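Working through the structure, step by step
So you can see what is in the structure, the chains are spelled out below.
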Amino acid sequence: MMNHVADFVRLYDGSENTAERYAVRLRQWRDWLADRGKDIDNVADNVDSRTAGGVTTNDVKLFLKYLKKEGYAESTRMVARSAISQFYQQLQTANPAENAADSWASKTRKKRKMRDKYGFEQLKTGDVKAMIESVPDPEFRNRLLVRLLAQTGLRRGEAAKLRVEDVNVDDRTINVYGEKDDSYRTVPFSDTLRTPLQIWINTKRQHVFGVDDSNDWLFPSRNGGHISGYQINEIVKSAAEKADVKNSYGTDSEGRKQK
């Protein structure tokens, strides 16, 4: 049993930058628990219990709410939750952070309101799977692109301009640059994308496009730059048409149907 945060940071198999960020949040988590009479490595037998003496899922949720109240950004709260989760995985005990990732749903709710307002419909899981199986060549890259867009809700321009360094496979997050506000936000992705992203970054990206270390775009083009937003749009459009996943949501100023 590791008794100190420093032990975890030293043993954590991730980038130095990630380890440093995790260390800050774990110390904050440890101190927050101590103020409430709890020990960081004393996990409750039933993490779903609200009254257990050890650390519970409810404690993690309350801690994340505390960070939000203190003004910490959504991306910071996500790093905190990931750090706590990784910590308890290393302890090989019950993970109280596993089901505590519901405190940053504001953006999801906002997107749903936009869909309701403008008539967009969220794709069903079966539709997404059908599109993934229907992408044009190169299949591995384009399947990864469609899965990434479906999971994260990235704009096509944001996906096009991702760099390899923006992807943190260890804690399953992507730093996304927003041109509108000239700032970065951190977007999580599920564990199902971890292996495809690793394969793409480590081997497929170079083999498919012949790029070297000087090209750091996550989705490079054959001319040395990055894939364009228009190309991504055409990939998604082609996959949707082949999978017969299409619907009209309105018309443009000239009366043409928008799909």
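Predicted model, so just to flag it, every value in this text is computed and none were measured. Every chain begins its residue count from 1, and numbering advances along the sequence as written. Confidence filtering applies because this is a predicted model: local features only for residues at pLDDT of at least 70, side-chain atom pairs given and counted only at 80 or more, and all residues used for totals across whole chains, interfaces and linings. The side-chain figures draw on all heavy atoms in the structure; neither hydrogens nor water molecules are used.

**A short note on the nonpolar core**
How we decide: Nine residue types can take part in a nonpolar core, namely buried Ala, Val, Leu, Ile, Met, Phe, Trp, Tyr and Cys, and a core is a set of them joined through side-chain atoms within 4.5 Å. Only protein chains enter the calculation, and the probe is 1.4 Å; a residue is then buried if its accessible area is under 20% of its type maximum, exposed if over 50%, and partly exposed in between. Only runs of H or I of at least four residues qualify as helices and only runs of E of at least two qualify as strands under DSSP, and these elements are numbered from the N terminus.
Counting residues in each nonpolar core, the largest one holds 25 residues, and the members touching the most others are L154, V167 and F219. Contributions of two or more residues to this core are made by α7 (139–152), α8 (156–160), β2 (173–178), α9 (194–209) and α10 (229–242).

**Considering the confidence of the model for the protein**
Note the following rule: Think of pLDDT as the predictor's per-residue confidence, scored from 0 to 100. Pairs of residues are marked as contacts when any of their non-hydrogen atoms sit within 4.5 Å.
Scored by pLDDT, the protein has a mean of 82; 81% of the residues are at 70 or more. Mean pLDDT across the elements of the protein ranges from a minimum in helix α5 (residues 106–118), with 52, to a maximum in α7, with 93. For the stretch residues 102–107, pLDDT sits under 50, and the model shows 11 contacts to residues farther than four places along the chain or on other chains.

**Some details on the packing of α7 against α9**
The criterion, for reference: Every axis corresponds to a line fitted to the C-alpha atoms, with the helix fit spanning only the stretch in contact, and the corresponding angles, defined between N-to-C directions, vary from 0 to 180 degrees. In these notes the angle categories are as follows: under 35 degrees is roughly parallel, over 145 is roughly antiparallel, 65 to 115 is roughly perpendicular, and the rest is oblique. A clockwise turn of the near helix away from the far one marks a right-handed crossing, whereas an anticlockwise turn of less than a right angle marks a left-handed crossing. Throughout this entry, Asp, Glu, Lys and Arg are counted as charged residues, while Ala, Val, Leu, Ile, Met, Phe, Trp, Tyr, Cys and Pro are counted as nonpolar. The remaining residues, Gly among them, count as polar.
Where α7 meets α9, the axes come as close as 10 Å, and the angle between the chain directions of the two elements is 140 degrees. On the basis of the axis angle, α7 is oblique to α9. By crossing handedness, the relation of α7 to α9 is classed as left-handed. Contacts between α7 and α9 involve F140, R141, L144 and R147 from the first element and P196, L197, I199, W200, K204 and F209 from the second. Class assignment of the residues belonging to the contact of α7 with α9 gives a composition of seven nonpolar, no polar and three charged.

**Let's talk about α7**
Given 3.6 residues per turn, any residue in an α-helix points the same way as the ones three and four places further on. The cut-off we apply is this: Any helix carries an expected span of 1.5 Å times its number of residues minus one.
In this model α7 runs 20 Å from its N-terminal to its C-terminal C-alpha over 14 residues, within 8% of the 20 Å that 1.5 Å per residue would give. Within α7, burial applies to R141, N142, L144, L145, V146, L148, L149 and T152. G153 lies just past α7 and shows a positive phi near 70 degrees.

**Examining the packing of helix α6 (residues 125–132) against α7**
The N-to-C vectors of α6 and α7 enclose an angle of 160 degrees; their axes lie 9 Å apart at closest approach. By the angle class used here, α6 and α7 are roughly antiparallel. Here α6 and α7 pass one another in a crossing that is right-handed. Here V128, M131 and I132 of α6 come into contact with α7, specifically with R143, V146, R147 and A150.

**Regarding the packing of aromatic side chains**
As a reminder of what qualifies: A pair of aromatic rings is counted whenever rings of Phe, Tyr or Trp (Trp by its six-membered ring) have centres within 6.5 Å, and the orientation is called stacked for planes under 30 degrees apart, edge-to-face for over 60 and tilted otherwise. In this scheme, Lys NZ or Arg CZ marks a charge over a ring once it lies within 6 Å of the ring centre and within 35 degrees of the ring normal.
Enumeration over the complete set of coordinates arrives at seven aromatic pairs. Between R163 and the ring centre of W217, over which it is positioned, the NZ or CZ distance is 3.8 Å. Its guanidinium or amino end placed over the ring of F140, K204 lies 5.4 Å from that ring's centre, counting from NZ or CZ.

**A word on the pattern of salt bridges**
Oppositely charged side chains are able to pair whenever their charged atoms sit close together. The following threshold applies: By salt bridge we mean one thing: a side-chain nitrogen of Lys or Arg within 4 Å of a carboxyl oxygen of Asp or Glu.
For the structure shown, the criterion picks out 10 salt bridges. Of the charged contacts, one joins D31 and R30 as a salt bridge, the two residues approaching to 3.3 Å between their closest N and O atoms. Judged by its relative accessible area of 41%, D31 falls in the partly exposed class. The salt bridge partner of D59 is K38, with a shortest N-O separation of 2.6 Å. Residue D59 is located in helix α3 (residues 57–69), and its partner K38 is located in the loop between α2 (16–35) and α3; the two are separated by 21 residues in the primary sequence. Accessibility classification places D59 together with K38 in one group, the buried group. Taken together, the shared-partner salt bridges in this structure form one network comprising E133, E139 and R143.

**Section: the sheet that holds strand β1 (residues 167–168)**
This is how the line gets drawn: When DSSP finds at least two bridges between two strands, those strands are taken to pair.
With antiparallel pairing, the three strands of this open sheet are ordered in space as β1-β2-β3. This sheet does not close on itself; its edge strands, each paired only once, are β1 and β3 (183–188). In terms of strand pairing, β2 meets β3 through six bridges, oriented antiparallel. The residue of β3 that forms the bridge with N175 is T186.

**Some words on helix α4 (residues 74–91)**
In a regular helix each residue adds 1.5 Å, so 18 residues correspond to 26 Å; α4 covers 26 Å between its end C-alpha atoms and thus fits that length. Most of α4 is tucked away, with 15 of its 18 residues classed as buried. Just past α4, the residue Q92 takes up positive phi, approximately 55 degrees.

**Focus on the pairing of β2**
With two bridges joining them, β1 and β2 adopt antiparallel strand pairing. Residue pairing across strands places V167 opposite I174, the latter belonging to β2.

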